[in-house]
Amino acid sequence: KRRSRPIEETKHPRVGAVEVNLPEGVDVTAKGLKSKWTGKVWRLESDALLPGVPHIYEIKASWGEGTQPQYRTVRLIMGRIVDLDF
């Protein structure tokens with residue numbers, strides 16, 4: 001179980017997001033999610049999620065050449081931001 005909180009009211013109610021606590025120099029990606037650096041955390045956001053379908057994503061964090069990327073698996077929840085640490 002991971003901590004989560006409601007997404008902003010300005011977003012579509014079926015959007016799900018993940019916030020990753022890593023510095024800006026780390027490359028954070030996930031297939032099918034839009035990622036951006038917010039100035040504090042990496043935010044990966046989905047389009048509107050479909051009800052009744054499990055939305056499980058593999059988040060990849062890369063620290064640069066010569067290092068092994070790390071992976072975490074997370075389930076997105078409609079209307080929620082999931083906090084993720086590496």
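Computed from a predicted structure; not experimentally measured. (Residues numbered from 1 in each chain as written. Predicted model: local features only at pLDDT ≥ 70, side-chain atom pairs only at ≥ 80, totals over all residues. Heavy atoms only, no water.)

Asker: What exactly am I supposed to notice about the nonpolar core here?
Answerer: Soluble, globular proteins show a tendency: their nonpolar side chains are buried together. Among the nonpolar cores identified, the biggest contains 17 residues, and Val-18, Val-20, Leu-22, Val-28, Leu-33, Leu-44 and Ile-59 are the most heavily contacted of them. Elements with a contribution of two residues or more to this core: strand 2 (15–20), strand 5 (42–48), strand 6 (56–62) and strand 8 (80–84). Broken down by element, this core gets its largest block of residues, three residues, from strand 6. With sequence-adjacent residues up to four places away left out, Leu-22 is seen in contact with Val-28, Trp-37, Lys-40, Trp-42, Ala-61, Trp-63 and Phe-86. (Core = buried A, V, L, I, M, F, W, Y, C linked by side-chain atoms within 4.5 Å. Buried < 20%, exposed > 50% of the residue type's maximum accessible area, 1.4 Å probe, protein only. Helix = DSSP H or I, 4+ residues; strand = E, 2+ residues; numbered from the N terminus. Contact = heavy atoms within 4.5 Å.)

Asker: Just checking my understanding: could you explain the sheet that holds strand 3 (residues 27–29) for this structure?
Answerer: An order of 3-6-7 is seen for the three strands of this open sheet, with the pairing classed as antiparallel. Edge positions in the sheet fall to strand 3 and strand 7 (70–75), since each has one partner strand and no second. When strand polarity is set aside, the average angle formed by the axes of neighbouring strands in this sheet is 20 degrees. Bridge analysis of strand 6 against strand 7 gives six bridges, and the strand direction is antiparallel. (Pairing = 2+ DSSP bridges. Axes fitted to C-alpha atoms, helices over the stretch in contact; angles between N-to-C directions.)

Asker: Honestly, the side chain of Arg-43 in this entry has me stumped. Any pointers?
Answerer: Counting through the fold element by element, Arg-43 comes out in strand 5. Among the polar contacts made by the side chain of Arg-43, one reaches the side chain of Glu-8 at a distance of 2.9 Å. Within the local environment of Arg-43, its side chain forms a polar contact with the side chain of Glu-45, the two groups lying 3.5 Å apart. With residues near it in sequence (within four places) discarded, Arg-43 still touches Ile-7, Glu-8, Ala-17, Val-18, Glu-19, Lys-34, Ser-35, Lys-36, Thr-38 and Ile-81. (Polar contact = N/O pair within 3.5 Å; in protein donor to acceptor, adjacent residues only side chain to side chain.)

Asker: Help me understand the side chain of His-55, please; the structure alone is not making it clear to me.
Answerer: Relative to the elements of secondary structure, His-55 occurs in the loop between strand 5 and strand 6. Here Val-53 takes part through its backbone oxygen, which lies 3.2 Å from a polar atom of the side chain of His-55. Sequence-distant contacts of His-55, that is, excluding residues within four places in its chain, are made with Leu-49, Leu-50, Val-74, Arg-75 and Leu-76.

Asker: Explain the pairing of strand 4 (residues 34–37) here, please?
Answerer: The side chains of a regular strand alternate, first on one face of the sheet and then on the other. As paired elements, strand 4 and strand 5 share four bridges and run antiparallel to each other. Of the residues in strand 5, the one forming a bridge with Trp-37 is Trp-42. In this structure, the hairpin formed by strand 4 and strand 5 is closed by a connection of four residues, where Gly-39 is found at a positive phi of approximately 105 degrees.

Asker: I keep staring at the pattern of salt bridges and nothing clicks. Help me out?
Answerer: Pairing between side chains of opposite charge can happen when the charged atoms of each approach one another. Across all of its chains, the model carries seven salt bridges by this definition. Of the charged contacts, one joins Arg-5 and Asp-83 as a salt bridge, the two residues approaching to 2.5 Å between their closest N and O atoms. Taken together, the residues Arg-5 in strand 1 (residues 4–6) and Asp-83 in strand 8 connect sequence positions 78 residues apart. Here Arg-5 falls in the partly exposed class, since its relative accessible area comes to 30%. Among the residues examined, Asp-83 registers a relative accessible area of 16% and is labelled buried. In this structure, Glu-19 engages Arg-43 in a salt bridge whose closest nitrogen and oxygen atoms are separated by 3.6 Å. Highlighted residues: Glu-19 in strand 2 and Arg-43 in strand 5, separated in sequence by 24 residues. (Salt bridge = Lys/Arg side-chain N within 4 Å of Asp/Glu carboxyl O.)

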